[in-house]
Amino acid sequence: MSDTTAPQTSAAPVDVPSAVRVMLDQMGANIATWLDSCLHCGQCAQACHFHEVSRDPRHSPAYKLKPLVKAYKRHKSPFAKLRTTLGFPAQDVTADDLREWQELIYDTCTMCGRCTVVCPMGIDTASLVGLTRTAMVAAGLGPPDLLATADRSAEVGSPLGMTPDTLEDRIEWLADDYEVDIPLDKDKARVLLTVSSIEAMKYPQSIVAMARILNHAGEDWTFSTKGYEATNFGMLSGKSDVAAKMLGRIVNAAESVGAELVIIPECGHAYGALRWTGAKILGRALPFAVQHITEYLADAKAAGKLKLKPFAESITYHDPCQVSRRGGATQAPRDILAGFAQDFREMAPTGNANWCCGGGGGVAAIESATDLRLKVFGIKMDQVAETGADTMVSACANCRQSLDAGKEHFGWDKDIASLVEIVADHLDE
Ligand code: SF4
Ligand code: SF4
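Values in this document were obtained by computation on a predicted structure and should not be read as measured data.

J.: Before we move on, can you summarise the overall build of the chain with the specific residues and values?
T.: Helix and strand counts for the chain stand at 23 helices and 10 strands. Relative to its length of 429 residues, the chain is compact, with a C-alpha radius of gyration of 22 Å against a globular reference of 22 Å. Along the first, second and third principal axes, the C-alpha atoms of the chain reach 75 × 50 × 35 Å. Here the chain holds 429 residues, and the buried ones make up 50% of them.

J.: Kindly report on the site of ligand 2, identifying the contributing residues and their values.
T.: What surrounds ligand 2 is a group of 13 residues, the closest being C38, C41, C44, A62 and C119. Of all the secondary-structure elements, those providing two or more residues to the shell around ligand 2 are α3 (43-47) and α5 (61-64). Considered class by class, the residues forming the shell around ligand 2 number 10 nonpolar, three polar and no charged.

J.: Please set out the sheet that holds strand β6 (residues 289-292) residue by residue, giving values where relevant.
T.: Read across the sheet, four strands follow the order β4-β3-β5-β6 without closing on themselves; strand pairing throughout is parallel. On the outer flanks of this sheet lie β4 (221-222) and β6, each paired with one strand and no other. Pairing of strand β3 (residues 191-193) with β4 involves two bridges; the strand directions are parallel. Among the inter-strand pairings, V191 is bridged to a residue of β4, identified as W221. Its contacts with the sheet put helix α16 (residues 240-257) on β3, β4 and β5 (261-264), and the angle it makes with β3 is roughly 145 degrees. On the sheet, helix α17 (residues 268-276) packs against β5 and β6 and is oriented at approximately 155 degrees with respect to β5.

J.: Pulling in residues and values, what's your account of the site of ligand 1?
T.: Lining the immediate surroundings of ligand 1 are 15 residues, of which C48, P61, C109, C112 and C115 lie closest. Looking at the shell around ligand 1, the elements that each hand over two or more residues are α5, α9 (114-118) and α10 (125-139). With three residues, the top contributor of residues to the shell around ligand 1 is α10. Across the shell around ligand 1, the residue classes tally to 10 nonpolar, three polar and two charged.

J.: Summarise the domain arrangement of the chain; cite the residues concerned and give the values.
T.: By the assigned domains, the chain splits into domain 1 (6-141), domain 2 (146-299) and domain 3 (308-425). Inter-centroid distance (C-alpha atoms) of domain 1 to domain 2 is 32 Å. Taken together, the contacts link five residues of domain 1 with five residues of domain 2. Looking at which element gives the most residues to the side of domain 1 that touches domain 2, the answer is α10, with four residues. Broken down by class, the residue content of the side of domain 1 that touches domain 2 amounts to three nonpolar, one polar and one charged.

J.: Provide a residue-level description of the sheet that holds strand β7 (residues 311-317), including the pertinent values.
T.: The parallel open sheet is built from four strands, whose spatial order is β8-β7-β9-β10. Looking at which strands have only one partner, the edges of the open sheet turn out to be β8 (341-344) and β10 (415-418). Sheet twist, expressed as the average angle between the axes of neighbouring strands with direction ignored, equals 45 degrees. Pairing between strand β9 (residues 391-394) and β10: four bridges, direction parallel. Across the sheet, residue V393 finds its bridge partner in β10, namely A417. The strands that helix α22 (residues 397-410) touches are β9 and β10; relative to β10, the one it contacts most, it runs at about 165 degrees.

What counts and what doesn't
Residues numbered from 1 in each chain as written. Chains lettered and ligands numbered in written order. Predicted model: local features only at pLDDT ≥ 70, side-chain atom pairs only at ≥ 80, totals over all residues. Helix = DSSP H or I, 4+ residues; strand = E, 2+ residues; numbered from the N terminus. Rg over C-alpha atoms; globule rule 2.2 N^0.38 Å. Buried ≥ 20, exposed ≤ 12 C-beta atoms within 10 Å, placed from the backbone. Near = placed C-beta within 6 Å. Nonpolar A, V, L, I, M, F, W, Y, C, P; charged D, E, K, R; others polar. Pairing = 2+ DSSP bridges. Contact = placed C-beta atoms within 7 Å. Axes fitted to C-alpha atoms, helices over the stretch in contact; angles between N-to-C directions. Domains from an automatic or database assignment.

Here it is in structure tokens:
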């Protein structure tokens, strides 16, 4: 590697060898194939919301992968050794590359996966951006606010400072105020319910809504102070040790109550973190099923356990990228809304092709990304306006937070709501 630890303009060192080592360590055959197969056709640029609003070529998904491509060509491609032997090695990753790409890798990618849907080679840019984030952390880079949020999760149990004691206090308060039974730390339960601290601290009525629905369905469930936080800022920031720690807490809690099912609340990345990558990160099979709360609700409704009064107002659904496109639970919210929402209007595009809210992938926690994120909200306002719906409902508290911030910034006149809360408000008891 040609570029060793180099001084950053901000005086902080950039550990290039460690960053490249992390990239190469994770570069299996599938990643090598992706990095080799880009046609430079530019189709992904049209799919990325950041490129859509900025028209900046640097925001093209393929461009964001450049440090990874450089590391591959220099060290791992079929011609890497030959080129080095012949005395004209490919360029290596430099400290300047990493400094420059930090913004592109964090501020301008929500890891939404929309670019992959249109890519003729099926290149999974979101995963490759995730890998590059782990390399950025190894280099000593990364947005300080996002990294601090991840560290706080590891230290106190939650990114927003929700300790086990805070959870217990909030549950006691909510149970009293809303007169709902919210079980905590039962010895045994069929279902372990988790929570996003965004919900607990900003939208606490979500906890009440989930409790009402599970009780209405006659479920045997509990929260656990051993593992309650569903969000995983370790995954979002590139801090893989924090990612494993957060997942481990939920798995331990589920095992201690003998849970058959862990329900992820209205949080997109939390669903993918446990359901699709949990076993791989922890290195063992999960001894329970995992469902997003919308999947649980759809199943409960199909089984006749969810009796609902009709929702009459016009409503549209914002697909959280990590629940629909990347999570696979695209149909579940529609099954819930079918017959219940009397005036449901799909956005265009919708489902797996829907535009991101702009705040996923940790972007909502990065202050420097705010201006671009708000511009992206313009796409969502246009989409909802085309439907004519008065309410936009979603199933991700992080989306909800980003959408609420956009609403406030632009003085938007639409209602933004949680699907779970709407369902809870219309239970036919
Ligand atoms: S994953 Fe989403 S945000 Fe990231 S480059 Fe692709 S389209 Fe853009
Ligand atoms: S769409 Fe796929 S092949 Fe085309 S430039 Fe983007 S990443 Fe490369």
